[in-house]
Amino acid sequence: TTPTENILVISDLHLGEYLANESAPGAEEYIRILNKELSDFIRHYTDTENRQNALPWHLIIDGDMVDFLRLVGSDPECRDDYRDELLEILKRVLYVHRPLFREIGRFLLAGHRVTILEGNHDAELYFQEIRDYITFYVIALLNTNRSNLSPEEISQQISSRLSFRFWFEVEVGRYHIEHGHQYDAFCSFEYQLAPY
């Protein structure tokens, strides 16, 4: 089949891992550099001049985008407020990395796609409210900037171009992309893969 888009793959961003030790020397500088480098990378591919064969890009973030494992631990208690805690952690991570998520939003509005794959450090992407909040946050960042699109148009375009996958992303005959943690003996047990 003829490709309809170009593929970009990045993985293991581990956004938020610094929150476990925010006061560490150099943490602020690390965050600043990470935001700048990732934002510059996405901005480069957002530009229509950098399309290959005039095709849009499909950015696949191949697992461990957010490091919930480091922030929550590998054996969280099964309790009613667990999802609330995860959501609060996610809000902090997204806020600190808002320049990056703003660029992801602009990338999506430029006609490209983003797929976020679950990894062993962000199995919590399993929860619909976590995925929904990431989408909501990207939309909110774009709505606060001046745009010639209405909020409804921004919401529709972002929602249709941002997707989440649990195990792999595949285009038959072209590629199969997975984080691969399911083959690791430490991660191969059901309780390690489940968010609870």
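Remember, predicted model here, so these are calculated numbers, not experimental data. (Residues numbered from 1 in each chain as written. Predicted model: local features only at pLDDT ≥ 70, side-chain atom pairs only at ≥ 80, totals over all residues. Heavy atoms only, no water.)

**Comments concerning the packing of helix H4 (residues 98-109) against helix H5 (residues 128-143)**
Part 1: With their axes 9 Å apart at the nearest point, H4 and H5 run at an angle of 85° to one another. Judged by the inter-axis angle, H4 sits roughly perpendicular to H5. Taking contact as the criterion, the partners of Arg98, Phe101, Arg102, Gly105, Arg106, Leu108 and Leu109 in H4 are, on H5, Tyr137, Val138, Leu141 and Leu142.
Part 2: When its residues are assigned to classes, the contact of H4 with H5 shows seven nonpolar, one polar and three charged. (Axes fitted to C-alpha atoms, helices over the stretch in contact; angles between N-to-C directions. Helix = DSSP H or I, 4+ residues; strand = E, 2+ residues; numbered from the N terminus. Parallel < 35°, antiparallel > 145°, perpendicular 65-115°, else oblique. Contact = heavy atoms within 4.5 Å. Nonpolar A, V, L, I, M, F, W, Y, C, P; charged D, E, K, R; others polar.)

**A few points about the side chain of histidine 179**
Part 1: By secondary structure assignment, the location of histidine 179 is in the loop between strand E6 (175-178) and helix H7 (190-193).
Part 2: Note on histidine 179: relative accessible area 18%, which makes it buried.
Part 3: Reaching out from histidine 179, the side chain makes a polar contact with the backbone oxygen of aspartate 62 at a distance of 2.7 Å.
Part 4: Side chain to side chain, histidine 179 and asparagine 120 meet in a polar contact 3.1 Å long.
Part 5: If sequence neighbours within four positions are ignored, histidine 179 has contacts with Asp12, Asp62, Gly63, Asp64, Glu118, Gly119, Asn120 and Trp167. (Buried < 20%, exposed > 50% of the residue type's maximum accessible area, 1.4 Å probe, protein only. Polar contact = N/O pair within 3.5 Å; in protein donor to acceptor, adjacent residues only side chain to side chain.)

**A closer look at the pairing of strand E3 (residues 113-117)**
Part 1: Among the five residues of E3, four are classified as buried, and the element is accordingly described as predominantly covered.
Part 2: Two strands pair when backbone bridges link them, and E3 and strand E4 (residues 162-165) are joined in this way by four bridges, in the parallel orientation. Bridging across to E4, valine 114 finds its partner in leucine 162. (Pairing = 2+ DSSP bridges.)

**A closer look at the pattern of salt bridges**
Pairs can form between side chains of opposite charge once their charged atoms are near each other.
Part 1: Evaluated as defined, the whole model comprises ten salt bridges.
Part 2: Between arginine 113 and glutamate 5 there is a salt bridge; the shortest N-O distance is 2.6 Å. With arginine 113 in strand E3 and glutamate 5 in the segment before strand E1 (6-10), the pair connects residues that are 108 residues apart, well separated along the chain.
Part 3: Using a relative accessible area of 8% as the deciding quantity, one classes glutamate 5 as buried.
Part 4: Bridged by salt links that share partners, the residues Lys36, Asp40, Arg43, Glu103 and Arg106 form one connected network. (Salt bridge = Lys/Arg side-chain N within 4 Å of Asp/Glu carboxyl O.)

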